[in-house]
Amino acid sequence: DTGVSQDPRHKITKRGQNVTFRCDPISEHNRLYWYRQTLGQGPEFLTYFQNEAQLEKSRLLSDRFSAERPKGSFSTLEIQRTEQGDSAMYLCASSPPASGGLDTQYFGPGTRLTVL
Amino acid sequence: GENVEQHPSTLSVQEGDSAVIKCTYSDSASNYFPWYKQELGKGPQLIIDIRSNVGEKKDQRIAVTLNKTAKHFSLHITETQPEDSAVYFCAAGHQGAQKLVFGQGTRLTINP
């Protein structure tokens, strides 16, 4: 059973550039989450997909951020016009179909973004 | 919204001793409380979780206790080993929100 995978693992970009990250969830996990983690802090929720539907978005997700999960499998997170404050670890997690409660979220290794 | 507070921020214990990390939460609707371990450069890894219908759960050297009335839960690690050194995060969530709210983390160091 392969875990959640994320690509790339590291991204260095210049301020103002666009970046896109990819997340591949665990097979048959229909729920997918994006979190952001800054140095010394816990992960903060960004957005949640159930299959291809984006059901919840945090206020942290400004209009420069967009996430998609077109076929209900992998997901992409795009940041347009990056700012230095976007520098963080972007974490993806997935969960199996709901069994009546909030199920375990399995995290990927993350994509570390550095904006110069 | 939910707010999770975690203490202490750093903890140093001798190998073989026990370590305890505590968290409080604010939303009485929260009913799922996982603990994650994060090593440098890696994503969080679930080590144990508890739901609100139980007060305690154990898995070998790791245990979690939950006090719903007081809205706090704790992680207990016994017989600590050097490989337990990492950052530990508590979190809280409920089905209606479909998201986890994390504490600020505890950096645990096991001294040989």
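Whatever comes next refers back to the structure up there.
Thresholds, definitions, all that
- Residues numbered from 1 in each chain as written.
- Chains lettered and ligands numbered in written order.
- Predicted model: local features only at pLDDT ≥ 70, side-chain atom pairs only at ≥ 80, totals over all residues.
- Heavy atoms only, no water.
- Helix = DSSP H or I, 4+ residues; strand = E, 2+ residues; numbered from the N terminus.
- Rg over C-alpha atoms; globule rule 2.2 N^0.38 Å.
- Buried < 20%, exposed > 50% of the residue type's maximum accessible area, 1.4 Å probe, protein only.
- Areas by Shrake-Rupley, 256 points an atom, 1.4 Å probe, with all protein chains shown as cover.
- Lys, Arg positive; Asp, Glu negative; His and termini not counted.
- Charge placed at Lys NZ, Arg CZ, Asp CG, Glu CD.
- Disulfide = S-S within 2.5 Å.
- Pairing = 2+ DSSP bridges.
- Phe/Tyr/Trp six-rings, centres within 6.5 Å; stacked < 30°, edge-to-face > 60°.
- Lys NZ or Arg CZ within 6 Å of the ring centre and 35° of its normal.
- Contact = heavy atoms within 4.5 Å.
- Buried area = accessible area lost by both parts, 1.4 Å probe.
- Salt bridge = Lys/Arg side-chain N within 4 Å of Asp/Glu carboxyl O.
- Polar contact = N/O pair within 3.5 Å; in protein donor to acceptor, adjacent residues only side chain to side chain.
- Axes fitted to C-alpha atoms, helices over the stretch in contact; angles between N-to-C directions.

Colleague: Mind showing me how you'd approach the overall build of chain A here?
Modeller: When helices and strands are counted, chain A shows zero helices and 11 strands. Scanning chain A from its N terminus toward the C terminus, one meets helices and strands in the order β-β-β-β-β-β-β-β-β-β-β. For a compact globule of 116 residues, the expected C-alpha radius of gyration is about 13 Å, and chain A comes in at 14 Å, within 12% of that figure. Buried positions account for 48% of the 116 residues belonging to chain A. As displayed, chain A offers around 5,800 Å² of accessible surface, 44% of which is attributable to carbon and sulfur atoms. With 14 positive and 13 negative side-chain charges, chain A shows a spacing of 7 Å between the two charge centroids.

Colleague: Would you take a moment to explain the state of the cysteines for this structure?
Modeller: Should the sulfur atoms of two cysteines be covalently bonded, the bond is a disulfide. All names here are of chain A. One pass over the structure, following the stated rule, counts two disulfides over all chains. Here Cys-23 engages in a disulfide with Cys-92; their sulfurs sit 1.9 Å apart. On the S-S bond that ties Cys-23 to Cys-92, the torsion sits near -65°, and the link is left-handed. Pair noted here: Cys-23 is in strand β3 (residues 19-24) and Cys-92 is in strand β9 (residues 88-95), with a separation of 69 residues, a long-range link. Cys-92 carries the same exposure label as Cys-23, and that label is buried.

Colleague: Where do I start with the pairing of strand β4 (residues 31-37) of chain A in this structure?
Modeller: The side chains of a regular strand alternate between both faces of the sheet. Residues and elements named next belong to chain A. For β4, a buried count of seven out of seven residues is recorded, marking the element as mostly surrounded by other parts of the structure. As defined by bridge partners, β4 adjoins strand β5 (residues 44-50) across six bridges and the pair is classed as antiparallel. Within the sheet, the bridge partner assigned to Arg-36 lies in β5 and is Glu-44. Between β4 and the antiparallel strand that follows it, β5, lie six residues; Gly-40 among them carries a positive phi value of about 80°. When β4 meets β9, the two strands line up antiparallel, connected through seven bridges. Bridge assignment links Arg-31 to a residue of β9, and that residue is Ser-95.

Colleague: Just checking my understanding: could you explain the packing of aromatic side chains for this structure?
Modeller: To describe a pair of aromatic rings, you give the distance between the ring centres and the angle between the ring planes. Scanning all chains against the criterion turns up 15 aromatic pairs over all chains. Each ring, one from Phe-21 of chain A and one from Tyr-90 of chain A, has its centre 5.5 Å from the other, and the planes form 40°; the classification is tilted. You can see Phe-21 of chain A sitting in strand β3 and its partner Tyr-90 of chain A sitting in strand β9, a full 69 residues away along the chain. Among the residues examined, Phe-21 of chain A registers a relative accessible area of 1% and is labelled buried. Tyr-90 of chain A sits in the buried class, given a relative accessible area of 0%. Here the aromatic rings of Tyr-25 of chain B and Phe-33 of chain B are separated by 4.7 Å at their centres, their planes lie at 45°, and the arrangement is tilted. Grouped by ring-pair contacts, the aromatic residues Tyr-33, Tyr-35, Phe-45, Tyr-48 and Phe-107 of chain A together with Tyr-36, Phe-89 and Phe-102 of chain B constitute a single cluster. Between the NZ or CZ atom of Arg-22 of chain A and the centre of the ring of Phe-74 of chain A, over which it lies, the distance is 3.9 Å.

Colleague: Honestly, the interface of chain B and chain A in this entry has me stumped. Any pointers?
Modeller: By a widespread convention, an interface's size corresponds to the accessible area lost as its parts come together. If you look at the interface, chain B gives 21 residues, while chain A gives 22 residues. Taking both sides of the interface into account, the surface hidden between chain B and chain A amounts to around 1,700 Å²; carbon and sulfur atoms contribute 52%. Connecting chain B to chain A are zero salt bridges. Linking chain B with chain A are six residue pairs in polar contact (both at pLDDT 80 or more).

Colleague: So what exactly am I meant to see when it comes to the sheet that holds strand β7 (residues 65-68) of chain A here?
Modeller: Residue and element names in this part refer to chain A. If you walk across this open sheet you meet the four strands as β1-β3-β8-β7, and the pairing is antiparallel. Two strands bound the open sheet, and with one partner strand each, they are β1 (5-7) and β7. Averaged over neighbouring strand pairs, the angle between their axes works out to 15° when direction is ignored.

Colleague: I tried to follow the environment of Arg-112 of chain A on my own but got confused; where do I start?
Modeller: All names here are of chain A. Inspection of the secondary structure assignment puts Arg-112 in strand β11 (residues 111-115). With a relative accessible area of 34%, Arg-112 lands in the partly exposed category. Measuring from C-alpha to C-alpha, the distance between Arg-112 and Glu-78 comes to 14 Å, with 34 residues separating the pair along the chain. Setting aside its immediate chain neighbours within four residues, Arg-112 contacts Arg-9, His-10, Lys-11, Ala-88 and Met-89.

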